[in-house]
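Structure at a glance
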Amino acid sequence: MKILARLVGYLFGIGAVLGLIGAAVLAYGIYHYSQDLPDYTALRDYQPPIMTRVHAANGELIAEYARERRMFLPIESMPDLLKQAFISAEDKNFYEHSGIDFVGIARAVVRNVQAYGSGRRPEGASTITQQVAKNFLLSSDVAIERKIREAILALRIERAYTKDEILELYLNEIYLGLGSYGVAAAALVYFDKSVHELTLAEVAYLAALPKAPNNYHPYRYTDRAIERRNWVLDRMVENGYVSAEEAAAAQAEPLNVTPRESGTFIAASDYFAEEVRRQLGERYGNDGLYTGGLSVRTTLDPDRQRMARAALRRGLVNFDRQQGWRGPLSQIDISGDWGATLAEVESLADVQEWRLAVVLATGDGGADIGLQPGRDASGAVLAERAIGRIEDRGVPFERWNVEGNRNAVRGADGALDPGDVVYVSALDEGRYELQQVPEVEGALVAMDPYTGRVVAMVGGFSFSESQFNRATQAQRQPGSSFKPFIYAAALDNGYTPSSVVLDAPIEIDQGGGLGVWRPANYSNEFYGPQTLRMGIELSRNVMTVRLARDMGMPLIAEYARRFGIYDDLPQVLSMSLGAGETTLMRMTAAYAVIANGGRSIEPTLVDRVQDRFGETIFRHDARMCDACRATAYTGQGEPEIVDEREQVLDPLTAYQVTSMLEGVVQRGTATRIRDRLDGWAIAGKTGTTNDYKDAWFIGFSPDLVVGVYVGFDNPRSMGRGAAGGTLAAPIFADFMEQALAGTPHTEFQVPRGITLIPIDRRTGLRVSAGTAGAILEGFRPGTQPPDSYSIIGYTDQFGRPLTVNPEADRAVVSGTGGLY
């Protein structure tokens, strides 16, 4: 017994020593691995990368931008069922353990011993708290040192944070596949739902993903994904969260994954969204844009945006059809499965009205076509093959437009051959119309004239084809659409709409070896003395040059700068005819200043930007209105908005220019618009540059300014007759017909101080009301219709401006084709 007692004591002593040594080693290990641990208290300031979301003015989502698609969701906003699914899948004892689950560790040890030598990745027993420590503070490498540091951090995190705070961090941070981080983003990405709309089967599938999202991909590994989801459902039953019957019903469901599309979410808004993205990147940097969780409210009106794109496309397509058929996109072999081959041909994704097709046979007054098959959610080509037909009436091209061939196109079988790949659009059941992507390009901008809010912007025919935004990036000559600013400068500096300028040949020595410049009118004719109104209504070039020379180019350059058209206009007379390059956005904004009574506006695509906390960090409308913040009505008067924006143009001058631009539509170069928009108050100006390289129309109603530009990206002639009035103006009218539908008919307001006097618009002389050819002309205080003229550009033998009394000196100017 003594020997046994001694042996027990001996063993006890050895055990005590070993225990002390073990405790010391453990203490040293904890001390050692605790050195240089990350500061877990930083989790208090957790600000994960969150996607930026861009919305239209009505709240519709336009686009999302993110490196990690994540939306932060407070734990209080997460449904219990969702939390229970993840706890069942990842850490069933989450609310019981203190950061480390020793039972789970023992289970993992047994399984790893059993799997030793199999080559499989060792199984962990990390709790949710440990995963938070790893994901936020450590690396993901499989190493004993990392696991020890992870365990230490988990214990400390548990002491510093509540269970709900830890779970909130975890459910917002984890990667769940398909580019989604956190449960809120995953619900949108996988099911296009908010977390509150998810079914039991759907939350179970999301909870199945954290271990290895790619291994449970819904399309590549569907069976495996369903098996893992059903395992999660079994665990939820085991933990008492759902009944066996509920789980069985959920397990019987397919995955029903419906991935949310990326890119733009409002059809037709691609150019707008990209311009907003670019501006946000410039303002907040790429980190702010892609990780800052900005909430951006834009100025976009989705309905008018769709109208704008449709109007521009129709105009470009119609012009392109007049130029002729250029032939098919390509040719493919149709002897085998033509559908599989055609499916590989890239199409314009944003021209949804068109489909790619291949010609299968021609004859009998038409062509049989096969339509490009679709793809399923996994990207596999569908087996179904759809057939259609292009009849002769479905070929809208009268002639060919290829080098060496301008012959007539004689029906579908004359334009097409078997194997041709073409675009088509549906006419009626089974019948299609041949389409062709226009070579010519263009842009359209629609803007609120009082605020500068851009309600619609289209930068080209197709964003898929070209992301170059012709509304903001294309530098083009505005031509005669620049003239209103010449006339505005004149009216602001002593001229009246009845002032007379000589329209006759003029030679200008440009100096510097540039030779003599002889400006001419569009018609190559001259019309003698003309009023300013006639000059702008009929777009007289020579009159404009004489007027600019009379005022001096420094004054015109200053007005161009004030209106924001040019930063530094070269002070040469050719610039008065719009020879300098600018953008459609700048020109449209300049017209908005006129429509806004001469007060400066700053064009904007963004109304407001809020940070991740909901604080407004940018607001476009900087006008002051303290009384607008009243919380209740107590009999106070109407709030007064203080508008401190610069007065670029006298309001009286702005009205005079507007009235003259109304004349352009009613009697001048834009009468096509009058015929389309009869009854609406519309003012505007056409613009056509040399050799028909650019066609413009910019106009406005009392509440909407719209600019349209058309031209080839590499400037070349569009052909004789491709002028602003025939090409750009119909696009403007097409858009305005839709945009103004249902809105009240209003007239342009006459500002206080303007006197309306009936005059003859050709002579500028006062006439009786009701006289044929009479119009009401607006005159500023101190001005009136003249009794005699000092004709600008018309001098006597001593070089002095010649004054003409229209009654006494009629013969002096007879035969000039002008006023008399």
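Coordinates for the structure precede this section.
First, a word on scope: everything that follows refers to the structure included in this document. Treat the numbers as computed from the prediction; the structure is a model and nothing was measured. (Residues numbered from 1 in each chain as written. Predicted model: local features only at pLDDT ≥ 70, side-chain atom pairs only at ≥ 80, totals over all residues. Heavy atoms only, no water.)

Each pair of aromatic rings is reported with the distance of its centres and the angle of its planes. The tally for this structure, following the rule as stated, stands at 17 aromatic pairs. The interplanar angle of 50 degrees and the centroid separation of 4.8 Å between the aromatic rings of Y175 and Y181 together place this pair among those described as tilted. Between W696 and Y709, the aromatic rings sit 5.4 Å apart at their centres with planes inclined by 55 degrees, giving tilted as the arrangement. Remark: Y709 occurs in strand 22 (residues 704-711) and W696 occurs in strand 21 (residues 695-701); sequence separation between them is 13 residues. Of the two residues, W696 and Y709, neither departs from the other in class, the shared state being buried. An aromatic cluster is defined as three or more aromatic residues linked by ring pairs; in this entry it consists of F482, F485, F563, Y566 and Y591. The lysine or arginine in question, R716, covers the ring of F712, its NZ or CZ lying 3.7 Å from the ring centre. (Phe/Tyr/Trp six-rings, centres within 6.5 Å; stacked < 30°, edge-to-face > 60°. Helix = DSSP H or I, 4+ residues; strand = E, 2+ residues; numbered from the N terminus. Buried < 20%, exposed > 50% of the residue type's maximum accessible area, 1.4 Å probe, protein only. Lys NZ or Arg CZ within 6 Å of the ring centre and 35° of its normal.)

What follows concerns the side chain of R540. Position of R540 among the secondary structure elements: in the loop between helix 16 (532-537) and helix 17 (541-551). Salt bridges are absent for the buried R540, whose nearest opposite-charge side chain, D503, sits at 4.0 Å. Excluding residues that lie within four positions of it along the chain, R540 makes contacts with K483, Y487, D503, N521, Y527, Q530, M534 and G535. (Lys, Arg positive; Asp, Glu negative; His and termini not counted. Salt bridge = Lys/Arg side-chain N within 4 Å of Asp/Glu carboxyl O. Contact = heavy atoms within 4.5 Å.)

Now for the sheet that holds strand 2 (residues 61-65). Pairing is mixed in the open sheet, where 5 strands are placed in the order 2-1-5-18-19. Each edge of the open sheet carries a strand with a single partner, namely strand 2 and strand 19 (616-619). This sheet shows a mean twist of 15 degrees between the axes of neighbouring strands, independent of strand direction. Relative to strand 5 (residues 295-298), strand 1 (residues 52-55) runs parallel, the two being bridged by 3 bridges. Across the sheet, residue R53 finds its bridge partner in strand 5, namely S295. Running over the sheet, helix 11 (residues 270-291) touches strand 1, strand 2, strand 5, strand 18 (606-610) and strand 19 and is turned about 35 degrees from strand 2. (Pairing = 2+ DSSP bridges. Axes fitted to C-alpha atoms, helices over the stretch in contact; angles between N-to-C directions.)

Our focus in this paragraph is the pattern of salt bridges. Applying the stated criterion across every chain, the model contains 45 salt bridges. Salt-bridge contacts for E64 lead to R53; the nearest nitrogen and oxygen are separated by 2.9 Å. Taken together, the positions of E64 in strand 2 and R53 in strand 1 put the pair 11 residues apart, joining distant regions of the chain. When sorted by exposure, E64 lands in the same class as R53, which is buried.

Right, let's talk about the nonpolar core for a bit. Counting 135 residues, the largest nonpolar core has L547, F563, I673 and F735 as the members making the most contacts within it. Formed by 57 residues, the second largest nonpolar core is a distinct cluster that contains L167, I174, Y190 and V232. (Core = buried A, V, L, I, M, F, W, Y, C linked by side-chain atoms within 4.5 Å.)

What follows concerns the packing of helix 2 (residues 80-90) against helix 8 (residues 200-207). Contact pair helix 2 / helix 8: the axes reach a minimum separation of 9 Å and the direction vectors enclose 40 degrees. Relative to helix 8, helix 2 is oriented oblique. Where helix 2 crosses over helix 8, the handedness of that crossing is right-handed. Here L81, L82, A85, F86, A89 and E90 of helix 2 lie close against helix 8, whose contacting residues are L200, V203, L206 and A207. (Parallel < 35°, antiparallel > 145°, perpendicular 65-115°, else oblique. Left-handed = near helix turned anticlockwise from the far one by under 90°.)

Across the sheet, 5 strands lie side by side as 13-12-22-21-20; this open sheet has antiparallel pairing. Whereas interior strands pair on both sides, the edge strands pair on one side only; in this sheet they are strand 13 (454-458) and strand 20 (683-688). The average angle at which neighbouring strand axes cross in this sheet is 5 degrees, direction not considered. Along the sheet face, helix 20 (residues 651-667) touches strand 20 and strand 21 and points at about 65 degrees away from the line of strand 20.

As far as function goes, none of this settles anything; it's purely spatial.
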